[in-house]
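Here's the letter readout for the chains.
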Number of protein chains: 2
Amino acid sequence: MSHTAELIAVGTELLLGNIANTDAQMLSQGLSALGINVYYHTVVGDNPGRLRAAVDLAKSRADLIITTGGLGPTCDDLTKNVLAECFGRKLVYNAEAEARCRSFFQKIGREMTANNAQQFYVPEGAVVFQNDWGTAPGCAFEEGGVHVLMLPGPPRECTAMFRHRAVPYLRALSEGAIVSRTLKLFGIGESGMEELLREKMNAMENPTLAPYAKEGECELRITAKAPTEAEARALIAPVEEELRALFGHKIYGADISSLEEAVFALLRERGLTLGSAESCTGGLIAKRMTDLPGSSAVFRGGVVSYTNAVKEGVLGVPHALLEEYGAVSEPVARAMAEGARRVLGCDIAVSTTGVAGPDSDDRGNPVGLVYVAIATPEGTRVRELHAGSGRERVRTAAAHNAFDLVRRYLTK
Amino acid sequence: MSHTAELIAVGTELLLGNIANTDAQMLSQGLSALGINVYYHTVVGDNPGRLRAAVDLAKSRADLIITTGGLGPTCDDLTKNVLAECFGRKLVYNAEAEARCRSFFQKIGREMTANNAQQFYVPEGAVVFQNDWGTAPGCAFEEGGVHVLMLPGPPRECTAMFRHRAVPYLRALSEGAIVSRTLKLFGIGESGMEELLREKMNAMENPTLAPYAKEGECELRITAKAPTEAEARALIAPVEEELRALFGHKIYGADISSLEEAVFALLRERGLTLGSAESCTGGLIAKRMTDLPGSSAVFRGGVVSYTNAVKEGVLGVPHALLEEYGAVSEPVARAMAEGARRVLGCDIAVSTTGVAGPDSDDRGNPVGLVYVAIATPEGTRVRELHAGSGRERVRTAAAHNAFDLVRRYLTK
């Protein structure tokens, strides 16, 4: 049986935007890895009528419903009552849930308030998911071919309860495996990528191929279903090979999250160090490198030379160069990268200088014009960008390109 | 008319858990500030039938439907087609959308592929939300008492389009005025804030008071409804006054988005300049300052001294200090800030040095220990933090505290 799942998150705090529904993201990832298709996420408030409507709809079209939230001790916590009602079950007392709840309060040295008692009740005949990470137990039952699972809402509890309670329950239900592999591309737009692949993608059924675009990068995700993980991987391999032949060096990695991660791995592999001199990106390159745990092994540091005085004084960019060409120029990008390499004592340095906007610079250079340079033991290269408008877009594109220059240098 | 809204997010990437539905969170907050109740969030994949089902359901019970996603150039992008069909409208060509899209591609120096053409079409009679932050326009129309708004999915675009296009459209629909004012707090936790305010908040009806917590900061949003904007503001004023008396200097601003924005305004007002020396934050402070348009007027630059060699060589931190106390120490934080002030030639410099994790440092300093310093013409101050664990949390807390030191220095 191939399952069709719906997720229902219960909580007015989600509808007010106090928190994002990260439980749904976590569950979707986990269900996809189990070969279970998720067709809808729904969020409802702590309102019995609207929750009932969502459950009735879900049971008409899905054979697996997972709820998150609304299992706690307060009067807002109505998920169990509504679900039990929708599926015609009574709530019954569970002695272990009470014992665990009492011992939890003992451990944290707090009095157990009376309202906690509602957590001791579960739908009759349900498998109880005891909660080692909080007080509210979850549960699962099957009724008329529909499996219902209820998990607590707090993300930490929800994640642990899913992994340790729900996954074993679901594994017993599901057949086969779904495996995804994501190729990351830089230097091609989503529409360009899709144009090349549209026919192919439409014709594919297993594996499927899906394009994604985010912040100036693209992804291609290959997803295969098969009885076993190994068989699913075997379906993916030839598609990946074909895509690699098609896109070549535009593919910078598979199943990694960013260009800087690719750069980090290459630098570490080769025992080389990196530094940065940033004008328009203003620290973004350094920030992205140092987001990565362990980056101190390869990243020596950076200079954010937001003013000409810092370009001259710290990086040693010649005053005459700044006078003659202006800060946003190929020669200054070059001198910044070379200066950073010298001052920071790194093997490779990148630099950026450009107009992030909103206004053009005092020499009339347009928003989006950026020079990105890389200085290496073998010399310096500069790439000129026209990155469109929007401060964040220009800065992101400049940083992407700096990392791309390093990646291409290290894999050439 | 009081509106009832449903949000429908379109995108298989959401159902696969590749991304969380942060658009729904952002929109929920924004709608709540407009006095619009949100009763359901739904997520559907790039599937016309299931999207149609979600829309048909939403139009049966809401008078405002906002979709996010599915407006781009690829064949997955079907939101406009499905919504137009559900509401019996044709799609018609929009010349400005084409002109904007072409000029966008021209600006970034890339060929516009043919599939972009689907972005030039909008439902007949719709108000077009031109997109200054990407290529896909949004739109809005009303049919049978239901208002439909479509916004692009990428969070950056969705946020900008909501703020600058959808909010003015929605404001025009509502009778009377709803005005919100958001006080921003630093240096107090959400539970502490709530504890102080719970009774007050529960008793309030107009204005209402809602607490939010995010990334180590807190917000208090006061929302008032009244026939006119002036009357709404008059309801807010005494509540704001009371909260300011209660929280004092912990409130760093109203209706501004971040600590760095407060710092930027103060520096500009006083004609002072800032610089940074960052170890554990690795460029985050500089990046956040330079995220702000016009920051070159006050931000001179920064040094990311991720290694001791850069602390010594560029910032002039004495070797003996690093030897004796280690990089993560009060004296080194002090020397970094003073060095940055000298080297960068700024009036005020901040520095950070700490253990962002995941591992403790070679001297056994625990993850989360951070020294943040500020050097000014009147001397240097160091703040010691214990910022918990989690690399991002520690770095964010360190940067927040650096800005907080500047703000407090400038307003003391």
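Residues numbered from 1 in each chain as written. Chains lettered and ligands numbered in written order. Predicted model: local features only at pLDDT ≥ 70, side-chain atom pairs only at ≥ 80, totals over all residues. Heavy atoms only, no water.

The name that an unreviewed UniProt entry assigns to chain A is Putative competence-damage inducible protein, with the source organism given as Pseudoflavonifractor hominis.

*Asks:* Provide a residue-level description of the layout of surface pockets, including the pertinent values.
*Replies:* Here the second largest pocket defines a volume of roughly 850 Å³. Forming the walls of the second largest pocket are 30 residues, and the residues nearest its centre are A:Thr208, A:Ala210, A:Arg221, B:Thr12 and B:Leu16. Of all elements in the fold, only α2 (22-33), β2 (37-44), α7 (190-203), β10 (208-214) and β11 (217-226) of chain A together with α1 (12-15) of chain B reach the threshold of two or more residues within the lining of the second largest pocket. Broken down by element, the lining of the second largest pocket gets its largest block of residues, 5 residues, from β10(A). Each residue belonging to the lining of the second largest pocket can be placed in one class, and the counts come to 14 nonpolar, 10 polar and 6 charged. (1 Å grid on protein atoms, 1.4 Å probe; cavity = no way out; pocket = protein on both sides within 12 Å on 5 of 7 lines; lining within 4 Å. Points joined across faces, edges and corners; volume = space filled by probe spheres on them. Helix = DSSP H or I, 4+ residues; strand = E, 2+ residues; numbered from the N terminus. Nonpolar A, V, L, I, M, F, W, Y, C, P; charged D, E, K, R; others polar.)

*Asks:* Would you mind going over the domain arrangement of chain A in detail, with residue names and values included?
*Replies:* One widely used convention gives an interface's size as the accessible area the parts lose upon coming together. Segmentation of chain A into domains returns domain 1 (4-171), domain 2 (177-254) and domain 3 (259-411). In this structure, domain 1 of chain A and domain 2 of chain A have C-alpha centres spaced 35 Å apart. (Domains from an automatic or database assignment.)

*Asks:* Can you explain the interface of chain A and chain B? Please cite residues and give values.
*Replies:* Listed per partner, the contact involves 71 residues of chain A and 75 residues of chain B. Contact between chain A and chain B buries roughly 5900 Å² in total, counting both sides, with carbon and sulfur atoms accounting for 55%. On the chain A side of the interface with chain B, the three residues burying the most area are A:Leu15, A:Tyr40 and A:Arg393, jointly 10% of the side's total. At the boundary of chain A and chain B, one finds 2 salt bridges. Of the charged contacts, one joins B:Asp291 and A:Arg395 as a salt bridge, the two residues approaching to 2.8 Å between their closest N and O atoms. Linking chain A with chain B are 38 residue pairs in polar contact (both at pLDDT 80 or more), by the criterion used here. (Contact = heavy atoms within 4.5 Å. Buried area = accessible area lost by both parts, 1.4 Å probe. Salt bridge = Lys/Arg side-chain N within 4 Å of Asp/Glu carboxyl O. Polar contact = N/O pair within 3.5 Å; in protein donor to acceptor, adjacent residues only side chain to side chain.)

*Asks:* Can you lay out the packing of α7(A) against helix α8 (residues 229-247) of chain A for me, pointing to particular residues and giving the numbers?
*Replies:* Residues and elements named next belong to chain A. At a closest axis distance of 12 Å, the pairing of α7 and α8 adopts a crossing angle of 145 degrees. When you trace α7 past α8, the crossing you get is right-handed. Note on element contacts: α8 touches α7 through Glu242, Leu243, Leu246 and Phe247, opposite Met193, Leu196, Leu197 and Lys200. The residue inventory of the contact of α7 with α8, partitioned by class, reads 6 nonpolar, no polar and 2 charged. (Axes fitted to C-alpha atoms, helices over the stretch in contact; angles between N-to-C directions. Left-handed = near helix turned anticlockwise from the far one by under 90°.)

*Asks:* Hey, could you go over the environment of A:Asn131 for me, with residue numbers and the actual values?
*Replies:* All names here are of chain A. With respect to the helices and strands, the residue asparagine 131 is situated in the loop between β6 (127-129) and β7 (138-143). Taking the relative accessible area as the measure of exposure, asparagine 131 reaches 6% and is therefore buried. A sequence separation of 33 residues divides asparagine 131 from glutamate 98, and the C-alpha atoms of the two residues are 11 Å apart. Look past the residues within four positions of asparagine 131 in its chain and what remains in contact with it is Arg100, Ala136, Pro137, Pro152, Glu157 and Met161. (Buried < 20%, exposed > 50% of the residue type's maximum accessible area, 1.4 Å probe, protein only.)

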